[in-house]
Amino acid sequence: MSRSTTRRATAVRTLAGTVLAAVLIVPAATACSSTAAAPATAEGTGPATAVTTAPTTSAAPAAPTRPTAPATQTQTQTPTPPASPRPTTPATPSAPSATPAKPKPSVHGFPLVDGSTAEVQQSGPQTYTARIVNKGTVLATFGTKDTDAGLNANGMFVVLSLDGQVHSWMGGGHQGPGTFKLAGGWTAKVTEVGELHYRAQILGPDGAVHGTLEADQHDAGGVANGVYMVLSAGGEISAHL
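Calculation rules
Residues numbered from 1 in each chain as written. Predicted model: local features only at pLDDT ≥ 70, side-chain atom pairs only at ≥ 80, totals over all residues. Heavy atoms only, no water. Helix = DSSP H or I, 4+ residues; strand = E, 2+ residues; numbered from the N terminus. Buried < 20%, exposed > 50% of the residue type's maximum accessible area, 1.4 Å probe, protein only. Contact = heavy atoms within 4.5 Å. Areas by Shrake-Rupley, 256 points an atom, 1.4 Å probe, with all protein chains shown as cover. pLDDT = per-residue confidence, 0-100. Polar contact = N/O pair within 3.5 Å; in protein donor to acceptor, adjacent residues only side chain to side chain.

Observations concerning the overall build of the protein chain
Thinking step 1. On a plain count of helices and strands, the protein chain comes out with one helix and 15 strands.
Thinking step 2. Classification of the 241 residues of the protein chain by burial places 24% in the buried group.
Thinking step 3. For the protein chain, the share of sequence-separated contacts (at least 6 apart) that also reach a separation of at least 24 residues comes to 33%.
Thinking step 4. Within the structure as shown, the protein chain displays about 17,200 Å² of accessible surface, and the carbon and sulfur contribution to it stands at 57%.

The structure is reproduced here in C-alpha cells:
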C-alpha cells in the first residue's frame, strides 16, 4: 500500500470516527430538547453536519401582580358646633306692693213719681242697672241687656232705656189677655204664653206689627217713637208719653 493510500485510509477512519461522534451527540441533544431534527446525510466526501433544532421557548412567566395599595379610609369628623350661649333670664319685676283700686262707676239718680229714687249704674255698653230706693231701702232692681227694661212697682210703671234714662208714671194699665188702645196711637195685642209668661204685639195704625214685648218670669219695657210701655209678667200693660 502506498503512502497516499495510507493517508486516505486514515482520513476515512477519521471521518468514520467523526460520524460516529456525531451520532453519539445527537441522542444526547435529543434527550435535552423536546423536538430534534434527524441528522443530515453527508454527500460526497465532506463530513456530515449534525443539525439540531433549538428547543421551543416556553411562554414567559407572567409578570408578578403588583400589590394594590390598601384603600385609605378617610374618617370624616363632624365638627361640633359651638355651644349656644344660654339666654339670660331677665329679672322679674317685683309686684307692686298694693293694687291700685279700680274707680267705682258713677251712679245717676232719677226721681220717680211715687217719691222714690232710681239709682242707675252702667256696667257695660248699653248695659245699665237701676235700683228703686225709698228712704235708704232698695225696693226693686232691674236692668237692660240688649233691650230696654220695664218694671211694674205696685201700679207705678218704670222704663229704663238702653241709654241709661229713666221714665215713670202711674196708672193706665190694661189686664190681658186682650187687645188694648195705648197712648200715641198704638194698639197692644196681649196673649198668654204660659205661667207668668205674656207676649204683647205692638200694632201701628195700619195694623202692622212694629214690635213685641216678651214678659217671661219678669216684667218687660220698651220705647216706641217717644212712647214708653211696660208689660208685666202678670199680663198687665200700660203706656205713657
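A few points about the confidence of the model for the protein chain
In low-pLDDT segments, the atomic positions of the prediction should not be examined closely.
Thinking step 1. Overall, the prediction assigns the protein chain a mean pLDDT of 75, with 57% of residues at 70 or greater.
Thinking step 2. In this model, residues 1-61 is a region of pLDDT below 50 whose contacts with residues beyond four sequence positions or in other chains number 17 contacts.

Details of the side chain of H197
Thinking step 1. Structurally, the position occupied by H197 is in strand 11 (residues 197-203).
Thinking step 2. For H197, the side chain forms a polar contact with the side chain of E214, separated by 2.6 Å.
Thinking step 3. When residues no more than four places from it in sequence are discounted, the contact partners of H197 are E192, E214, A215, D216 and A233.

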